[in-house]
Amino acid sequence: MASVGYSKKVMEHFLNPRNVGVIEHPDGYGKVGNPVCGDVMEIFISVKDDIITDIKFRTFGCGSAIATSSMVTELAKGKNVDEAMRITRGDVANELEGLPAQKMHCSNLAADALHEAIKDYRARKAKK
Amino acid sequence: MDQIYLDNAACTPVDLRVIAYAAPFSDGTIGNPSTLHSRGLGARAALEDAREKIKALLHAEDDKCIVFTSGATEANNLAIQGTALRNPKLGNHLVASAIEHISVLNPMKGLQKQGYTFDLIPVDAYGMVDLEALKKLVTKGTAVVSVMAANSEIGTIEPIREVSAIVHDAGAYLHVDATAAAGHIPVDVQRDGIDLCSVSSNDLTGPQGAGALYIKSGVKVQPVLVGGGQERGLRPGTENLFAIVGMGEAARLTQLEMVQEADRVRRIRDALITGMVSVKESYLTGHPALRLPNQASFRFSYIEGESIVLLMDQFGVQVSTGSACSSLTLEPSHVLLALGLKHEQVHGSMVLSLGKSNTPDQVPHVISAVTETVNRLRALSPLSNDRR
Ligand code: FES
């Protein structure tokens, strides 16, 4: 059933996901649910001088959801939050050498979770 | 690494004896069963021999009751559309269990456009049809009721005899999709009171591309495809002789070896279940006892089935899932939802269907692959507290 035809890169990230886990006291936290199939993704970030110094994720979802979360954390790590905010689902899919059409929505989730975490960071910063 | 194939419900390797038996029919030299010369006669004899073997498998009263089709999907379509449309006097109400195959449900839904009404029989948490609900659903206007002999996704075996009594009391016809059951448990159309019964070649370890519909003597059915007069006009088109001859031989062999083989795989299956339910927060789906001997299905909390299938494959074990993420429509399995499971519970489904290639010594590897898969995916899951 799972012969959706993933690229090597997707399988590689799925099998060895980067930045898995939680950050106990994050500077930003984002959690999104997938309206299409009901999956959940969360991203934690530590930020110093607007640079994402650490990032972790957890995902309940398909192979492509796991691979895209892994990829988005790699793309965001070390980036300025404004830059990271501009990472799109297209960027994530491209870096993974493409996703099957019916799996594009999973990459949405990854980008959204990252953006939510950055928004949360900004909101917390504004309160200080 | 040796591969361990546990997805026989999706595609069953064809029995090598069957391939050898049917091989002479694969190159076109045997002829067309409809022609009159000597070549055609050989073909006709082979076709009728295969029919005889399917008759024996289902314990049909007459070999004329067996119509060959291209597979179970076509047999299901013929059974439902062909019977409903041919018997308008029976009424325009159709009933199916909530866990029927899509090739039963969709023809019924399709007939709604032609003025038919359609109801689903609910099932309990084990997937057993609710007989009380069935009694209320079938009325004088019900034409066809479809309840499968056993379900391939959860293994549950349905109480066909009880269903048949209720359906016949109301004067309707009973169609039974025996695709998953035939060859694994006895299916006897006379004993069980079945009017129409679908089987598939590949599920009997025969070649793909053939299936059959049993039509009880006296039940009138009209063709779905129109063309020549093959299969008593019910299934026009030159017969796929290789697949049909193979299906017949596969039916004969499976029937001959059924008791022994069912016993053999049941033991492996039970060992898999014992090992699997020891995994934390894992649950057997389907009926604990009344299930196909070659079937085991589970769900694991907090993780998703497509990921399970992909990781298990890395360990050399091929399995299936009913998760939404794994289906092209992104819809979760209607079978698992019908059991009353929540969407996220269906997500963690894993289905094993055993076959000839499975042996008891594979069990420890499968269990450790599952344990490792579940642990790895739970460590990634925001729903689980298992942090590694
Ligand atoms: S998360 Fe469900 S399809 Fe990707």
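Look a little higher up for the structure.
Residues numbered from 1 in each chain as written. Chains lettered and ligands numbered in written order. Predicted model: local features only at pLDDT ≥ 70, side-chain atom pairs only at ≥ 80, totals over all residues. Heavy atoms only, no water.

Participant: Can you tell me about the overall build of chain B, naming the residues and giving the values?
Facilitator: A count of helical and extended segments in chain B gives 12 helices and 12 strands. Taking 2.2 N^0.38 as the reference for a compact globule, 388 residues should give roughly 21 Å; the C-alpha atoms of chain B span a radius of gyration of 21 Å, in line with that estimate. Overall, chain B is about 70 × 50 × 35 Å in size when its C-alpha atoms are taken along their principal axes. Going through the 388 residues of chain B one by one, you find that 57% of them count as buried. Counting contacts in chain B only where the partners sit at least 6 residues apart, residues at least 24 apart contribute 71% of the total. Accessible surface, chain B as shown: approximately 15,300 Å² in total, 56% of it carbon and sulfur. Chain B carries 34 positive and 41 negative side-chain charges, and their two centres are separated by 3 Å. (Helix = DSSP H or I, 4+ residues; strand = E, 2+ residues; numbered from the N terminus. Rg over C-alpha atoms; globule rule 2.2 N^0.38 Å. Buried < 20%, exposed > 50% of the residue type's maximum accessible area, 1.4 Å probe, protein only. Contact = heavy atoms within 4.5 Å. Areas by Shrake-Rupley, 256 points an atom, 1.4 Å probe, with all protein chains shown as cover. Lys, Arg positive; Asp, Glu negative; His and termini not counted. Charge placed at Lys NZ, Arg CZ, Asp CG, Glu CD.)

Participant: Give a description of the nonpolar core that names residues and reports values.
Facilitator: As a rule of thumb, nonpolar side chains are buried together in soluble globular proteins. Residue and element names in this part refer to chain B. Residues Met276 and Phe300 are the most contacted members of the largest nonpolar core, which totals 69 residues. Residues in contact with Phe300, not counting those within four places in the same chain, are Met276, Val279, Glu281, Ser282, Ile308, Gly348, Met350, Val370, Val374 and Arg378. Counting residues in hydrophobic clusters, the runner-up holds 64 residues, among them Ala43, Val138, Ile166 and Ala212. (Core = buried A, V, L, I, M, F, W, Y, C linked by side-chain atoms within 4.5 Å.)

Participant: Summarise the pattern of salt bridges; cite the residues concerned and give the values.
Facilitator: Two side chains with opposite charge may pair up if their charged atoms get near one another. All names here are of chain B. This model, assessed by the stated rule, comprises 29 salt bridges over all chains. With its nearest N and O atoms 3.6 Å apart, the salt bridge here joins Lys55 to Glu52. In this pair, Lys55 and Glu52 are both assigned in helix H2 (residues 38–58), 3 residues apart and thus about one turn of the helix distant. Its relative accessible area of 22% is what places Lys55 among the partly exposed residues. Residue classification places Glu52 among the partly exposed positions, given a relative accessible area of 35%. Residue Glu261 pairs with Arg264 through a salt bridge whose shortest N-O separation is 2.9 Å. (Salt bridge = Lys/Arg side-chain N within 4 Å of Asp/Glu carboxyl O.)

Participant: Give me the lowdown on the packing of aromatic side chains, citing residues and values where you can.
Facilitator: Residue and element names in this part refer to chain B. In total, this model carries 2 aromatic pairs over all chains according to the counting rule given. Measuring from centroid to centroid gives 6.4 Å for Phe298 and Phe300, while their planes differ by 25°, and the two rings are stacked. Neither residue differs from the other here; Phe298 and Phe300 are each classed as buried. (Phe/Tyr/Trp six-rings, centres within 6.5 Å; stacked < 30°, edge-to-face > 60°.)

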